[in-house]
Each structure stands twice: as C-alpha cells, then as structure tokens.
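Now for the letters of each chain:
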Amino acid sequence: LRVRWLSTADPQSATGRVVATRQTLLAEFTQGLELPGLPDPLLRLPELLNETVSGTQSTIHGDLNLENILTGPGGFVWLIDFAETRDGHTLFDFAHLEAEIIAHVIAAQNLTPAGHLSALRTILHTADGAPTESVPPVYALLSRLHTIAGRCLFNPSQPREYHLALALSCMGALKFANLQPNQKQLLYVTAAALAHSL
C-alpha cells in the first residue's frame with residue numbers, strides 16, 4: 001500500500017480513497033498490447049504473488065541491470081553500484097537482469113510478439129541452456145543467463161522457482177515510464193508465457 005499525504009498536518013483520523021491498485025495500474029500500462037494466443041498474466045498476479053516457494057538466500061547485488069555491468073579489455077567484467085546490496089532471494093538479480101535484457105537488448109531487434117514467444121519457448125525448453133540455431137543469436141544471452149540461474153535453484157530439476165521470479169520481474173518492469181511500447185510488449189509476452197506454464 002502506497003499512500004501519498006499532501007498536507008503538513010498529521011493524518012490522524014483522516015480518511016482516504018483508493019485511486020488505483022497494482023492490478024489497475026498494470027492493466028493501464030499494458031492496454032493495447034497483444035498476447036499471441038496466451039492468457040493475460042495479470043489475471044494470475046495475486047495468485048503468483050501469494051505463492052510460497054522453496055528457495056535459497058544469499059548476498060545479492062540488488063540492482064543488477066545493464067548499466068551496472070562494465071566490460072573491459074580482455075573480457076573482464078565488473079559490477080558497480082552496490083548501494084542496494086543485501087541478503088535476498090538468490091535468483092532476484094538474475095530475473096531482474098533478464099527483464100532488462102529483454103527490454104533493452106532483445107526489443108531492439110524489432111521482433112514480433114509471436115517471434116519473441118517462439119524463441120523464448122525454444123530457450124525455455126532447451127535442457128542444457130545451450131543456444132540453438134533456430135533462434136536469433138541475441139537469445140544466447142538469455143540462454144546463458146538461464147544456465148547460470150539454474151545452478152542457483154533450490155531444486156535444480158525444478159525451474160519453476162526461476163520462472164516465477166522472472167514472470168514477476170517482467171510484470172513489475174512494465175511500470176517504468178521510460179519504456180517504449182515494443183519493450184513493454186516483449187516483457188508482457190514473456191510474463192504471459194511464463195505465467196501460463198507455471
């Protein structure tokens with residue numbers, strides 16, 4: 001619950017009015033976006049948010065996104081900006097990073113929602129996480145990320161833990177005002193595909 005109080009006086013005995021919920025805001029953000037043959041993931045959002053999963057906790061970066069990963073000569077990689085570092089769900093950073101890759105790298109490929117869904121399904125059903133020749137090369141990033149995240153699963157034979165985290169990360173990312181419609185479209189299709197398979 002987020003409350004905005006616009007007075008300098010204390011809100012004692014004040015009444016309020018709910019003007020929007022997470023559900024109504026996300027419905028607004030996804031208005032006009034298509035889901036190629038998939039059910040709306042927002043209909044399952046309360047259920048997914050209330051799901052209990054067995055998982056592990058570790059020290060996480062907390063804000064792992066493309067701007068906080070630097071690469072340099074010799075293939076060295078550095079992470080920066082540890083202001084949000086804390087103990088948390090081990091897969092949080094991977095799910096957040098994958099949503100970033102979908103929105104900022106894959107969306108730049110101008111794929112149709114159906115094309116993205118097809119490539120995503122191939123990646124999700126490739127047992128070892130290795131990239132396949134039947135998907136655009138940019139999906140190798142997702143494939144490698146799934147392989148790394150798979151090593152951190154509570155139960156390595158059950159990817160549901162990561163798929164749930166990724167579906168929720170994609171839905172949560174829809175709130176960012178700086179995203180273009182095609183970026184939101186691919187996040188929405190990803191969330192729908194994962195929510196449908198859960």
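1. With respect to the packing of helix α3 (residues 92-106) against helix α5 (residues 139-150)
Piece 1. Running from amino to carboxyl end, α3 crosses α5 at an angle of 180°, the nearest separation of the two axes being 10 Å. The orientation of α3 relative to α5 falls into the category roughly antiparallel. Between α3, through Phe94, Leu97, Glu98, Ile101, Ile102, Val105 and Ile106, and α5, the contact on the second element is made entirely by Tyr139, Leu141, Leu142, Leu145, His146, Ile148 and Ala149.
Piece 2. Classifying every residue of the contact of α3 with α5 gives twelve nonpolar, one polar and one charged.

2. Thoughts on the pattern of salt bridges
Piece 1. Under the definition given, this model contains two salt bridges.
Piece 2. Here glutamate 47 and arginine 44 are joined by a salt bridge, their closest N and O atoms 2.8 Å apart.
Piece 3. Here glutamate 47 falls in the partly exposed class, since its relative accessible area comes to 45%.
Piece 4. The partner of arginine 160 in a salt bridge is glutamate 51, and the shortest N-O contact between them spans 2.9 Å. Residue arginine 160 is located in helix α6 (residues 160-173), and its partner glutamate 51 is located in the loop between α2 (45-49) and β1 (57-60); the two are separated by 109 residues in the primary sequence.
Piece 5. For glutamate 51, a relative accessible area of 24% gives the class partly exposed.

3. A closer look at the nonpolar core
Piece 1. In this structure, Ile102, Ile106, Tyr139, Tyr162, Cys170, Met171 and Leu187 are the most contacted members of the largest nonpolar core, which totals 49 residues.
Piece 2. The greatest single-element share of this core, amounting to nine residues, is contributed by helix α7 (residues 181-197).
Piece 3. Ignoring sequence-local partners within four residues, the contact set of isoleucine 106 consists of Ile101, Leu111, His116, Val138, Tyr139, Leu142 and Leu186.

4. Regarding the layout of surface pockets
Piece 1. In this structure, the largest pocket spans a volume of roughly 1,600 Å³.
Piece 2. Taken together, 42 residues line the largest pocket, and the ones lying closest to its centre are Arg2, Thr21, Arg22, Leu25 and Lys175.
Piece 3. Elements represented by at least two residues in the lining of the largest pocket include exactly α1 (22-29), α2, α3 and α6.
Piece 4. The element that contributes the greatest number of residues to the lining of the largest pocket is α3, accounting for seven residues.
Piece 5. By residue class, the composition of the lining of the largest pocket is 24 nonpolar, eleven polar and seven charged.

Conventions adopted
- Residues numbered from 1 in each chain as written.
- Predicted model: local features only at pLDDT ≥ 70, side-chain atom pairs only at ≥ 80, totals over all residues.
- Heavy atoms only, no water.
- Axes fitted to C-alpha atoms, helices over the stretch in contact; angles between N-to-C directions.
- Helix = DSSP H or I, 4+ residues; strand = E, 2+ residues; numbered from the N terminus.
- Parallel < 35°, antiparallel > 145°, perpendicular 65-115°, else oblique.
- Contact = heavy atoms within 4.5 Å.
- Nonpolar A, V, L, I, M, F, W, Y, C, P; charged D, E, K, R; others polar.
- Salt bridge = Lys/Arg side-chain N within 4 Å of Asp/Glu carboxyl O.
- Buried < 20%, exposed > 50% of the residue type's maximum accessible area, 1.4 Å probe, protein only.
- Core = buried A, V, L, I, M, F, W, Y, C linked by side-chain atoms within 4.5 Å.
- 1 Å grid on protein atoms, 1.4 Å probe; cavity = no way out; pocket = protein on both sides within 12 Å on 5 of 7 lines; lining within 4 Å.
- Points joined across faces, edges and corners; volume = space filled by probe spheres on them.

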